[in-house]
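As a plain string of letters, each chain reads:
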Amino acid sequence: MMLRTSASRVLDDNDRDEVLGLLDSDPVANVFVASRIRAVGLSPTRLGGQMWGFGPRGGLISLCYAGANLVPVNAGREAVHAFADRARKQGRRCSSIVGPSAAVELLWERLEPHWGRARAIRWAQPVMATSSAPLVASDPDVRRVRPEEFGTLLPACVAMFTEEVGVSPDNGDGGALYRSRVAELIRIGRSYARIEDGQVVFKAEIGAVTPQACQIQGVWVDPLYRGRGHAAAGMATVVEQALKYFAPTVTLYVNDYNLPARAAYKKVGFREVDTFTSVLF
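Conventions used here
Residues numbered from 1 in each chain as written. Predicted model: local features only at pLDDT ≥ 70, side-chain atom pairs only at ≥ 80, totals over all residues. Heavy atoms only, no water. Helix = DSSP H or I, 4+ residues; strand = E, 2+ residues; numbered from the N terminus. Rg over C-alpha atoms; globule rule 2.2 N^0.38 Å. Buried < 20%, exposed > 50% of the residue type's maximum accessible area, 1.4 Å probe, protein only. Contact = heavy atoms within 4.5 Å. Areas by Shrake-Rupley, 256 points an atom, 1.4 Å probe, with all protein chains shown as cover. Lys, Arg positive; Asp, Glu negative; His and termini not counted. Charge placed at Lys NZ, Arg CZ, Asp CG, Glu CD. Salt bridge = Lys/Arg side-chain N within 4 Å of Asp/Glu carboxyl O. Pairing = 2+ DSSP bridges.

### Structural notes on the overall build of the chain
Along the chain, the regular secondary structure elements total nine helices and 12 strands. Against the compact-globule benchmark of 19 Å for 281 residues, the chain has a radius of gyration of 19 Å, which places it among compact chains. C-alpha atoms of the chain, sized along the principal axes, occupy 60 × 35 × 35 Å. Burial statistics for the chain: of 281 residues in total, 49% are counted as buried. Nonlocal contacts in the chain, meaning residues at least 24 apart in sequence, comprise 69% of its contacts between residues at least 6 apart. Accessible surface computed for the chain: about 13000 Å², of which carbon and sulfur atoms make up 51%. Between the mean site of the 33 positive side-chain charges and the mean site of the 29 negative ones, the chain shows a separation of 3 Å.

Spelled out as structure tokens, the structure:
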């Protein structure tokens, strides 16, 4: 028997244990959403959005995080239809849809007629993971960024974001939210870089952390230094740090067309375990 789309509902903190149980069934794919729930719970005020559930209390089948990003979790066709219906009625509030390719593609198929064309679509983004020590030597000059180095790191972060996403993070609120996130990752010791003579050569952040996995983001090498092995060596350092201090599995996702990055990650020891799709607005 198929579940009706009306089975979707907004979850709250009473659903927390069941939600985390579902998220933990695939800790690599769900690391971003799981880290948010573990940090702030399911209250929309604290979450900065809503968590939608498909299935009754005690029988949750699928989830969809609806915040700055729209992220389906364990979502089959009926769940996607339910979430698309709720998203359509609510109107677009997110800057992207991101998650496992099958669910995101179906979700976008349902929403595009109502939301209009996307700014860009990254159809294939390999999800990569490792639980082992790096296969290459780490860079001893890659270290945690210090709070007083915020002004040095920020231009590199802006350059990375603009190159990766296609727009500047300064758009909209003038970059206030983005600067706050960069500063927060530095403060909690999850921002790493190689800095020479006041210039960032390599950088990466550990953006999401759960007891099972952590996700590396924002990997960037200054264009003047590309092709010299900084990405692999720098990532080796970050993986070592991540495995030592944060979680037993390290993951990330990358655009399929970014062949140099994929090669560097494979050199470090990452393997491809899934495929994401991102729809950007």
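### What to know about the pattern of salt bridges
For the coordinates displayed, the defined rule picks out 18 salt bridges. Between Arg194 and Asp139 there is a salt bridge, with the nearest N and O atoms lying 2.8 Å from each other. Here Asp139 lies in the loop between β6 (120–130) and β7 (143–144) and Arg194 lies in strand β8 (residues 191–196), a separation of 55 residues in the sequence. Accessibility expressed as a relative area gives 15% for Arg194, which makes it buried. In this structure, Arg146 engages Glu148 in a salt bridge whose closest nitrogen and oxygen atoms are separated by 3.3 Å. Taking relative accessible area as the criterion, Arg146 reaches 39% and is therefore assigned partly exposed. The network of salt bridges with common partners includes Arg9, Asp12, Asp15 and Arg57.

### Remarks on the pairing of strand β9 (residues 199–209)
In the case of a regular strand, side chains alternate between the two sheet surfaces. Within β9, nine of the 11 residues are buried, which leaves the element mostly enclosed by the surrounding structure. As defined by bridge partners, β8 adjoins β9 across six bridges and the pair is classed as antiparallel. When the bridges of β9 are listed, Ile195 appears paired with Val200. Between the end of β8 and the start of β9, which pair antiparallel, lie two residues, with Asp197 showing a positive phi angle near 50°. Taken together, the six bridges between β9 and strand β10 (residues 214–221) define a ladder with antiparallel strand orientation. Along β10, the bridge assignment pairs Glu205 with Gln217. In sequence, β9 turns back onto β10 through a hairpin of four residues.

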